[in-house]
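# Fold and contact review
The residues making up each chain are set out below.
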Amino acid sequence: MSVKTCEWLEFSTRKALATALADTVAQRLTAAIESRGGALLAVSGGTTPALFFETLSTRAIAWSKVTVMLVDERFVPSSSPRSNAALVSEKLLRNKAAVARFLPLYHPAQNVAAAASRAEAELLGLDWPLDVVVLGMGTDGHTASFFPDASTLDLLLDPASSQVVLPVDAVSAGEPRLTLSMPRLISAGFLALHIEGQEKRAVFEAAMEGNAVTPIRAVIEASPQPVKVFWAA
Ligand SMILES: O=C1O[C@H](COP(=O)(O)O)[C@@H](O)[C@H](O)[C@H]1O
């Protein structure tokens, strides 16, 4: 990978990736707790992070001082099989991590904009910036809920947005979404992208090498520090 705006880290197995990423995240959270008394962790949903979550949940961290949130969420309650919060609850908030605090992006509300306002009000009071963000990526090049066909893509990709949480409307997303804003993601102390499989590698490389602005490339280019890309076949 020749792109200077990111650091490509390749692992021989998905298990080795999960171990390395969990160790790095644990180290970053522990350092944050030591320096400011608490830590903020934002994680992605979807299918990829399950093994990483299970591994991280076993790490010896002062989890009671860690606040966990999602990078993005579907506008569905945690009872839905499509809920990212349900994945976090089942795979990450267990073992040693069971005592961590979880702040959901989803709130029952009349519409996704109202839910985003509620999440914004709740998250605004935190001790920003995030210490650790672990992004994922879809095969369409979306990351967080920055979907290529989102009706408000310019706002979503705005590195100067003053908002913490944004509603997302994109046909390809399946249902309305909630996402942390670009500046809240890229200001993290540690920003990683976790992708697996040859297809996602090809999507990522094409995004970084082509001329089109894809959401994943926009995040990588807006980040003030090289994004660490964790990949395994
Ligand atoms: O919709 C989503 O998809 C991406 C990627 O998911 P995956 O199933 O391909 O791992 C994920 O990063 C995002 O958080 C999620 O909401």
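Here's a quick rundown of the structure. (Residues numbered from 1 in each chain as written. Predicted model: local features only at pLDDT ≥ 70, side-chain atom pairs only at ≥ 80, totals over all residues. Heavy atoms only, no water.)

### Thoughts on the site of the ligand
Near the ligand you find 14 residues, and of these G45, T47, T48, D72 and K200 are the closest. Within the side chain of T47, one N or O atom sits 2.7 Å away from an oxygen atom of the ligand. In this structure, an oxygen atom belonging to the ligand sits 2.5 Å away from a side-chain N or O atom of T48. In isolation the ligand offers 390 Å² of accessible surface; the protein chains occlude 89% of this area. Residues of the shell around the ligand, tallied by class, amount to one nonpolar, nine polar and four charged. (Near = heavy atom within 4 Å. Polar contact = N/O pair within 3.5 Å; in protein donor to acceptor, adjacent residues only side chain to side chain. Areas by Shrake-Rupley, 256 points an atom, 1.4 Å probe, with all protein chains shown as cover. Nonpolar A, V, L, I, M, F, W, Y, C, P; charged D, E, K, R; others polar.)

### Let's talk about the environment of E221
Note that E221 resides in helix α8 (residues 215-222). Overall, the relative accessible area of 47% leaves E221 in the partly exposed class. Taking C-alpha positions, E221 is 9.3 Å from M208, a pair spaced 13 residues apart along the chain. (Helix = DSSP H or I, 4+ residues; strand = E, 2+ residues; numbered from the N terminus. Buried < 20%, exposed > 50% of the residue type's maximum accessible area, 1.4 Å probe, protein only.)

### A short note on the nonpolar core
Within the largest apolar cluster, 87 residues are counted, with the highest numbers of intra-cluster contacts made by L41, L56, W63, L123, L180 and F204. Of the residues forming this core, the biggest block, nine residues, is contributed by helix α1 (residues 14-36). Residues contacting L56, with those up to four places away along its chain left out, are A22, V25, A26, L41, I61, W63 and L92. (Core = buried A, V, L, I, M, F, W, Y, C linked by side-chain atoms within 4.5 Å. Contact = heavy atoms within 4.5 Å.)

### A few points about unusual backbone geometry
Cis geometry is adopted by the peptide bond preceding P129, which originates at W128 and carries an omega value of 5°. Along the chain, P129 turns up in the loop between α4 (112-124) and β6 (132-135). At N95, a position not held by glycine, the phi torsion is positive, near 50°. Position of N95 relative to the elements: it lies in the loop between α3 (84-91) and β5 (101-103). Here the phi dihedral of A144 falls at roughly 45°; this positive angle occurs in a residue that is not glycine. For A144, a relative accessible area of 5% corresponds to the buried category.

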